[in-house]
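Report on the structure
If you want the building blocks of each chain, they are given just below.
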Amino acid sequence: MKFLPTGLLILALATATALAYDPSPLQDFCVAINDPKVFVNGKFCKDPKQVTADDFLFKGFRYPGNTANQLGSKVTPAFVDQFPGLNTLGISMARIDFAPGGLNPPHTHPRGTEILVVAEGTLLVGFVTSNQLNNTLLTKVLYKGDVFVFPIGLIHFQLNIGKTPALAFAALSSQNPGVITIANAVFGSKPPISADVLTKAFQVDKKMVDYLEAQFWYDNN
């Protein structure tokens with residue numbers, strides 16, 4: 001049996017570490033605090049001597065999110081802004097509640113891969129590959145206990161196709177994975193994207209663009 005040279009293995013591991021999206025912590029923890037006077041790539045650390053167990057507790061998943069909206073879904077994020085103990089740890093979560101027929105619309109996480117587990121109900125999920133792979137749709141129906149992964153940066157969605165409410169939990173590979181909801185970003189940007197751009201990009205007339213831009217684009221996060 002042939003083995004890879006030790007130097008090559010070390011290089012591969014070093015490269016994988018260097019390409020990580022969230023930097024590795026240099027101390028046991030770094031509970032986030034907000035400093036409105038300074039902007040940094042991440043959050044400042046709370047004095048470790050003032051840290052308590054409560055900094056590592058998030059209670060936001062105890063109760064269902066309000067799905068009485070036009071999408072029929074509600075995402076409750078546990079990112080670093082809501083859960084300061086996550087700072088520098090490179091991980092976060094979200095609870096997603098669905099009414100019957102509820103949709104978590106096409107969106108991306110620019111800084112994190114998402115792995116989703118269905119706790120209740122039946123979901124149709126999918127993601128679309130990049131242009132390089134011809135924008136192929138990969139989709140699956142998930143049942144209670146099923147797990148599905150959405151690669152970093154790719155457009156994906158979840159739709160409750162059952163007749164009862166559904167519940168899912170997602171873990172993401174960043175303390176601050178970000179969310180870009182496609183419809184909101186394209187047709188609800190402020191200021192709006194030029195109609196000349198959108199009519200050509202979507203091959204529709206200006207009347208349709210004006211109609212879409214006039215809609216109220218609900219954010220379920």
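Residues numbered from 1 in each chain as written. Predicted model: local features only at pLDDT ≥ 70, side-chain atom pairs only at ≥ 80, totals over all residues. Heavy atoms only, no water.

Going by an unreviewed UniProt entry, the chain carries the name Germin-like protein and comes from Rhodamnia argentea. In the Sequence similarities (unreviewed entry) part of its UniProt record, the chain is described as follows: "Belongs to the germin family." As stated in UniProt under Subcellular location (unreviewed entry), the record for the chain gives "Secreted, Extracellular space, Apoplast". (UniProt positions renumbered as here; feature names shortened; annotations may be inferred.)

Points about the pairing of strand β4 (residues 92-98)
Side-chain positions along a regular strand alternate between the two faces of the sheet. The element β4 is extensively covered by neighbouring structure, given that six of its seven residues are classed as buried. Where strand β3 (residues 73-78) meets β4, six bridges bridge the pair, whose relative direction is antiparallel. Counterpart to lysine 74 in the pairing with β4 is aspartate 97. Pairing of β4 with strand β11 (residues 166-172) involves seven bridges; the strand directions are antiparallel. Residue methionine 93 lies in a different strand from β11, and its bridge partner there is alanine 171. (Buried < 20%, exposed > 50% of the residue type's maximum accessible area, 1.4 Å probe, protein only. Helix = DSSP H or I, 4+ residues; strand = E, 2+ residues; numbered from the N terminus. Pairing = 2+ DSSP bridges.)

Topic: the pairing of strand β10 (residues 156-160)
Among the five residues that make up β10, four are buried, leaving the element largely enclosed by the rest of the structure. Across three bridges, the pairing between strand β5 (residues 103-108) and β10 is antiparallel. Following the sheet pairing, asparagine 104 is matched in β10 by glutamine 158. Bridging between strand β7 (residues 123-128) and β10 involves five bridges; their strand directions are antiparallel. Across the sheet, the residue bridging to glycine 126 is phenylalanine 157, located in β10.

A short note on the nonpolar core
Counting residues in each nonpolar core, the largest one holds 16 residues, and the members touching the most others are Phe98, Leu116, Leu123, Val125, Leu142, Phe148 and Phe150. Once residues within four sequence positions are removed from consideration, phenylalanine 150 is found in contact with Thr113, Glu114, Leu116, Val125, Gly126, Phe127, His156, Phe157 and Gln158. Listed in part, the five residues of the second largest apolar core include Val186, Phe187, Ala195 and Leu198. (Core = buried A, V, L, I, M, F, W, Y, C linked by side-chain atoms within 4.5 Å. Contact = heavy atoms within 4.5 Å.)

Some remarks on helix α3 (residues 195-202)
For α3, the set of buried residues is Ala195, Leu198 and Thr199. Summarising the axial view, the buried residues of α3 lie within an arc of 100°, below the 170-degree limit, and thus occupy one face. Away from its buried face, by an angle of more than 90 degrees, α3 presents the exposed residues Asp196, Lys200 and Ala201. Looking at where α3 begins, the residue whose side-chain oxygen comes 3.1 Å from the main-chain nitrogen of aspartate 196 is serine 194. (Arc of directions from axis to C-beta. Polar contact = N/O pair within 3.5 Å; in protein donor to acceptor, adjacent residues only side chain to side chain.)

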